[in-house]
Amino acid sequence: MSDRATAPASGAPSRTAAVIPAAGRGVRLGPGAPKALRAIGGTPMLVHAVRAMAASRAVSLVVVVAPPDGAADVRHLLDEYPLADRDSTRTDVVVVPGGETRQASVRLGLAALPDDVTAVLVHDAARPLVPVDTVDAVAAAVREGAPAVVPALPVADTVKQVEPRTGERAGEPEPVVATPERAVLRAVQTPQGFDRRTLAEAHEKVALEGEGATDDAGMVERLGVPVVLIPGHEEAFKVTRPLDLVLAEAVLARRRANDGF
Ligand SMILES: Nc1ccn([C@@H]2O[C@H](COP(=O)(O)OP(=O)(O)OP(=O)(O)O)[C@@H](O)[C@H]2O)c(=O)n1
Ligand SMILES: C[C@](O)(CO)[C@H](O)COP(=O)(O)O
């Protein structure tokens, strides 16, 4: 076991919690309700995400990070939807207000965790269809001692590094700087799993400029802590643009047909 992995004091309880950042506006999805509240198969994306976390036997607490002024509404919404895959005696769901960036929202979610939580999964509300096997695999790797665990898939497209044109130059052709070798690239997903102390340290010490940190593991890397990848799942894709909603509806319909309802 890594010496970074949190060892609870002997005899002390030790729990795994999931933090779900759901405070984003969903600008790339276009006009409408905040993205986490948009429906897939008639059920809000956030409810799917909470159910996916609660379906894992490893997770005993879910912290939902709501839009800064929307925590009460999100609480009401979650109360309307039974967590079908959830044993209500096993999984608590709490809601806290989020921040202006994903990084700030995750930090606020971490601040709401009780002391007995030693392992944390951070999962985007915008990845509503992650299979429970992926959640379980991430949680197991953390509990076995990895300080940071990320599900990832090979990259399908060739990727170009460019010199971005922004501000007054936006829209101009962007010169290509390099073509990274695709075989060494991975597209990362969530839930990303962490030893709680490691993730808290990253959020305390690592402040990224400009665009900020687009994932939590990237912040942990900056502490010099090793991050391990495990296989991701194609159904854990992020709903970002309108076409992703079409895909999400299709994936859910296929699941329901396979499950016979
Ligand atoms: N201030 C923010 C911004 C994002 N998120 C959450 O982080 C996850 C991943 O972010 P992304 O998919 O980029 O969502 P949005 O920020 O909503 O999307 P966009 O950039 O298109 O506005 C989402 O579950 C989103 O709700 C958050 O909790 N707080
Ligand atoms: C955390 C994440 O989902 C991993 O792929 C992703 O980086 C979030 O990025 P976004 O900027 O919020 O789309």
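Treat the numbers as computed from the prediction; the structure is a model and nothing was measured.

1. With respect to the site of ligand 1
Consideration 1: Taken together, 22 residues are adjacent to ligand 1, and Pro21, Ala23, Gly24, Arg28 and Ser105 come closest.
Consideration 2: Classifying every residue of the shell around ligand 1 by side-chain character gives 8 nonpolar, 7 polar and 7 charged.

2. As for the site of ligand 2
Consideration 1: Near ligand 2 the following residues occur: Arg102, Asp124, Val188, Gln189, Thr190, Thr214, Asp215, Lys238 and Thr240.
Consideration 2: Among the residues making up the shell around ligand 2, the classes are represented as 1 nonpolar, 4 polar and 4 charged.

3. Quick notes on the UniProt feature "site: Positions MEP for the nucleophilic attack" (unreviewed entry) in the chain
Consideration 1: The UniProt entry lists Arg182 and Lys238 under the feature "site: Positions MEP for the nucleophilic attack" (unreviewed entry), expressed in the numbering used here.
Consideration 2: Mapped onto the elements, arginine 182 comes out in the loop between strand S9 (176–178) and strand S10 (186–188).
Consideration 3: Not counting residues within four places of it along the chain, the set of residues in contact with arginine 182 comprises Val155, Thr158 and Val159.
Consideration 4: When you line up the elements, lysine 238 lands in the loop between strand S12 (228–231) and helix H7 (242–259).

4. Brief notes about the packing of helix H3 (residues 102–111) against helix H5 (residues 196–205)
Consideration 1: Contact geometry for H3 and H5: axes closest at 11 Å, N-to-C directions at 130°. With respect to H5, the axis of H3 lies oblique. In this structure, the crossing between H3 and H5 has a hand that is left-handed. Along its contact with H3, which presents Val106, Arg107 and Leu110, the element H5 presents Leu199, Ala200 and His203.

5. Remarks on the pairing of strand S11 (residues 192–195)
Consideration 1: Residues Gln192 and Phe194 line one face of S11 and the alternating positions Gly193 and Asp195 line the opposite face, and both faces are buried.
Consideration 2: The sheet contact formed by strand S6 (residues 117–122) and S11 spans 4 bridges and is antiparallel. When the bridges of S11 are listed, valine 122 appears paired with glutamine 192.
Consideration 3: Here 2 bridges tie strand S7 (residues 148–154) to S11, and the two strands are oriented antiparallel to one another. Directly across from alanine 148, in S11, lies its bridge partner phenylalanine 194.

Rules of the game
Residues numbered from 1 in each chain as written. Chains lettered and ligands numbered in written order. Predicted model: local features only at pLDDT ≥ 70, side-chain atom pairs only at ≥ 80, totals over all residues. Near = placed C-beta within 6 Å. Nonpolar A, V, L, I, M, F, W, Y, C, P; charged D, E, K, R; others polar. UniProt positions renumbered as here; feature names shortened; annotations may be inferred. Helix = DSSP H or I, 4+ residues; strand = E, 2+ residues; numbered from the N terminus. Contact = placed C-beta atoms within 7 Å. Axes fitted to C-alpha atoms, helices over the stretch in contact; angles between N-to-C directions. Parallel < 35°, antiparallel > 145°, perpendicular 65-115°, else oblique. Left-handed = near helix turned anticlockwise from the far one by under 90°. Buried ≥ 20, exposed ≤ 12 C-beta atoms within 10 Å, placed from the backbone. Pairing = 2+ DSSP bridges.

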